[in-house]
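# Structural characterization, general
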Amino acid sequence: MALTITTEDVARFGVVGAGGAGFPTHVKLSGKADTVVLNAAECEPLLHKDKELILRDAAAIVEGLARAVEFVGAKEAVVGIKEKYAKVIAAMQAALRPNMRIVPLPDVYPSGDEFVLVYLTLGRVIAPGAIPLSVGAVVMNVETALNLSNVGQTPVVDKYVSVAGAVKNPSTVCVPLGTTLAECLELAGGATIPDPAFVVGGAMMGRLVPNLDVPVTKTTGGVIVLPRDHFIVDRKSWDWNKTARVGRAACDQCSRCTELCPRYLLGHPIEPHRAMRSLGFNMSREADVAGTQFCSDCNLCSYCSCPEGLDPRGVNLQNKRRILAENRRWQNPPFHPERADALLAFRQTPTSRLMQRIGLDGFVNKGPLLAGVYQPKSVEIPLKQHIGAPCVAVVSVGETVRRGQTIGTRPVADGKTALGADVHASIDGTVVAVSPESVKIAAL
């Protein structure tokens, strides 16, 4: 059956990647590929929203996946789910269509990295600096597929968030965009420790925030509550001076960070131990840091691989920022895809071992989906929840808006619409504040 929606509809209904940086989905669906890969790996410890969505909405997720297949002209869709989740696999299998199949994944981190996922599901290795489309694949996560299934009916106005760690009832909650993370925490029963610290996103790749007066956006995946003396909190508190000072003093060039680096194992020229070497040997600096631009920021080297507790990822990030600021790209970098077949299967990091290493094995590792959609008294909806330009508000203070109404559109310059996706009111209410950054709405 031919699609009745267009990629422009996908943009107007506000669909972007529901994790990571929020790449606009309509742009991804404008390419051509032979396979769509649904990322249901959910490899970040303690996060469970994607699995919970499959258990509840497998048919709708498959509808969104089918739409993606038709948009890009793919021959098939492949779903990557960790093999240990038998109930999730069964729920998805029951909803799949003839041109779709499931590939069970090992319980390792970071199986959800799209480069690793494409290799584990399709056996294809993406070159450094390239994207999945270069090997004929488009990767989409579970919640994005669910949102894509709603295009033509309901814009993206709600978000599913895992609340985990030191909380009374670890849960997955559904809240309107612009709800604060503090309200999400209360829905999970609140913190069980005094003076907690908060990580937004996953424990490995998320960011430390001073409080939870932060609005939920289209890319918010979770909030993890931890004691302030926890390993993760300490490591995310390091600044560059500490990273460089400790690394310069203690790195013994054992190279374990490189030997277990997922992107190195895919044949990319990223060698974190050489980046660490650059802290003390300026003569070799450029040769040692060039490959850092291919770091995926998975943090495996810093949180798990290094026996000295150093921060190779922090060094990679600092060097990558400098390379990007200087507008330099490594043209035709060396690429050894044969490394994947030779090494990857034998050097993957089991999630259970990772959780022990980073001190998360003592927390409840479940996140059941709570029924219903929370109704906040007010929301503050950011106008930039995606890669690209911020949306421009199209509502004014005092205006009454309805849930699903467009409140921000992509700017147009020189006849071209900027990269992005429209933003919508997530509740019925009255606009009480408008700024270039956000629109605040008080519930009726």
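In this report, we go over the structure that sits alongside the text. (Residues numbered from 1 in each chain as written. Predicted model: local features only at pLDDT ≥ 70, side-chain atom pairs only at ≥ 80, totals over all residues. Heavy atoms only, no water.)

## Topic: the overall build of the chain
Here is the rule we go by: Helix and strand assignments come from DSSP, with helices taken as H or I runs of at least 4 residues and strands as E runs of at least 2, each series counted from the N terminus. For a compact globule the rule gives 2.2 Å times the number of residues to the power 0.38, and the radius of gyration it is set against comes from C-alpha atoms. Only the protein chains shown count as cover for residues, with accessible areas throughout obtained via the Shrake-Rupley method and a probe of 1.4 Å. Neither His nor the chain ends contribute to the count of charged residues, in which Lys and Arg are positive and Asp and Glu negative. By convention, the point assigned to a charge is CZ for Arg, NZ for Lys, CD for Glu and CG for Asp.
The helix and strand tally for the chain stands at 17 helices and 20 strands. Expected size for 444 residues packed as a compact globule is a radius of gyration near 22 Å; at 22 Å, the chain falls within 12% of this value. On the principal axes, the C-alpha backbone points of the chain span a range of 60 × 55 × 50 Å. Just so you have it, the chain exposes about 18400 Å², and 52% of that area is on carbon and sulfur atoms. Within the chain, one finds 47 positive and 42 negative side-chain charges whose respective centroids are separated by 2 Å.

## Concerning the pattern of salt bridges
Test applied: Any carboxyl oxygen of Asp or Glu that lies within 4 Å of a side-chain nitrogen of Lys or Arg is treated as forming a salt bridge with it. Type-normalised accessible area, obtained with a 1.4 Å probe on protein chains alone, sets the label of each residue: buried when under 20%, exposed when over 50%, and partly exposed for intermediate values.
This structure, assessed with the given rule, holds 22 salt bridges. Between arginine 124 and aspartate 34 there is a salt bridge, with its nearest N and O atoms 3.0 Å apart. In this pair, arginine 124 is assigned in the loop between α5 (114–122) and β5 (137–141) and aspartate 34 in the loop between α2 (25–28) and β1 (35–40), connecting sequence segments 90 residues apart. The exposure class assigned to aspartate 34 is partly exposed, which follows from its relative accessible area of 29%. Residues participating in the shared-partner salt-bridge network are Lys49, Asp50, Glu143 and Lys159.

## Digging into the pairing of strand β6 (residues 158–165)
Put simply, the rule reads: Only strands that DSSP links by at least two bridges are regarded as paired with each other.
A large share of β6 lies buried, amounting to eight of its eight residues. Note that β6 and strand β7 (residues 171–176) share six bridges and pair antiparallel. By the bridge assignment for β7, serine 162 is matched with threonine 172. When β6 meets strand β10 (residues 222–226), the two strands line up parallel, connected through four bridges. Looking across to β10, one finds that valine 163 is bridged to valine 223.

## Section: the packing of aromatic side chains
As a reminder of what qualifies: Aromatic pairing here means that ring centres of Phe, Tyr or Trp (its six-membered ring) are within 6.5 Å. Orientation follows from the plane angle: under 30 degrees is stacked, over 60 is edge-to-face, and everything else is tilted. Whether a charge sits over a ring comes down to the Lys NZ or Arg CZ being within 6 Å of the ring centre and within 35 degrees of the ring normal.
Tallying each qualifying case throughout the model produces two aromatic pairs. Measuring from centroid to centroid gives 5.8 Å for phenylalanine 231 and tyrosine 303, while their planes differ by 75°, and the two rings are edge-to-face. Remark: tyrosine 303 occurs in helix α14 (residues 300–305) and phenylalanine 231 occurs in helix α8 (residues 231–236); sequence separation between them is 72 residues. We classify phenylalanine 231 as partly exposed; its relative accessible area is 28%. Residue class for tyrosine 303 comes out buried when judged on its relative accessible area of 5%. Ring geometry for phenylalanine 294 against tryptophan 330: centres 6.2 Å apart, planes inclined by 35°, an arrangement best described as tilted. Taken together, the residues span a long stretch of sequence, with phenylalanine 294 in the loop between α13 (285–289) and α14 and tryptophan 330 in the loop between α15 (312–325) and α16 (338–343) at a distance of 36 residues. Overall, tryptophan 330 belongs to the partly exposed group, its relative accessible area being 31%. Sitting over the ring of phenylalanine 115, arginine 263 keeps its end group 3.8 Å from the ring centre. Sitting over the ring of tyrosine 264, arginine 339 keeps its end group 4.0 Å from the ring centre.

## Focus: the side chain of histidine 424
Put simply, the test is: Polar contact is defined as a pair of N or O atoms within 3.5 Å, subject to the rule that within protein one atom must be able to donate a hydrogen and the other to accept it, and that residues adjacent in sequence are counted only when both atoms are side-chain atoms.
Tracing the backbone shows histidine 424 in strand β18 (residues 423–424). Among the polar contacts made by the side chain of histidine 424, one reaches the main-chain carbonyl oxygen of arginine 12 at a distance of 2.8 Å.

## With respect to the state of the cysteines
Formally, a disulfide is one covalent bond, and it connects the sulfur atom of one cysteine to the sulfur atom of another. Filter applied, for reference: Any two cysteine sulfur atoms within 2.5 Å of one another count as a disulfide.
Tallied over the entire structure, the rule returns zero disulfides. Cysteine 295 takes part in no disulfide bond, and the closest cysteine sulfur, belonging to cysteine 301, lies 6.2 Å away. Looking at cysteine 298, it has no disulfide partner, and the nearest cysteine sulfur is the one in cysteine 301, 6.3 Å off.

## Describing helix α9 (residues 240–250)
So the rule is basically this: When we speak of the arc, we mean the arc of directions from the helix axis to the C-beta atoms. Residue contacts follow a heavy-atom distance rule, with two residues in contact if any of their heavy atoms lie within 4.5 Å.
Turning to α9, its buried residues number three or more, namely Thr243, Ala244 and Gly247. In an axial view of α9, the angular spread of the buried residues amounts to 90°, which keeps them on one side of the axis. Residues of α9 that are exposed and angled more than 90 degrees away from the buried face: Asn241 and Ala249. Residues of α9 that are buried in the fold lie against α12 (272–277) and α15.

## Considerations on the sheet that holds strand β12 (residues 378–382)
Strand pairing in a sheet relies on backbone hydrogen bonds. The paired strands run either parallel or antiparallel. Reading across the sheet, the four strands line up as β12-β20-β19-β14 and stay open at both edges, with antiparallel pairing between neighbours. Edge positions in the open sheet fall to β12 and β14 (400–401), since each of these has one partner strand only. In terms of strand pairing, strand β19 (residues 429–434) meets strand β20 (residues 438–443) through five bridges, oriented antiparallel. Residue pairing across strands places valine 431 opposite isoleucine 441, the latter belonging to β20.

## Some words on the nonpolar core
Rules: In this text, buried Ala, Val, Leu, Ile, Met, Phe, Trp, Tyr and Cys residues form a nonpolar core when linked through side-chain atoms within 4.5 Å.
With 43 residues, the main nonpolar core has Leu38, Ile54, Ile61, Val72, Val79, Ile81 and Met92 as its most contacted residues. Looking at this core, the elements with two or more residues in it are β1, α3 (49–72), β2 (76–82), α4 (86–95), β3 (100–105), β5 and α6 (142–149). Broken down by element, this core gets its largest block of residues, 11 residues, from α3. With near-sequence residues (within four places) excluded, isoleucine 81 lies in contact with Ala40, Ile54, Val88, Ile89, Met92, Ile102, Val103, Pro104 and Leu105.

## A closer look at α15
Keep this limit in mind: One less than the residue count of a helix, multiplied by 1.5 Å, gives the span that helix is expected to have.
For α15, spanning 14 residues, the distance from its first C-alpha to its last is 20 Å, which sits close to the expected 20 Å at 1.5 Å a residue. Among the residues of α15, Pro312, Gly314, Val315, Asn316, Leu317, Asn319, Lys320, Arg322 and Ile323 are the ones counted as buried. Of the residues flanking the end of α15, it is asparagine 327, one or two places downstream, whose phi is positive at about 55°.

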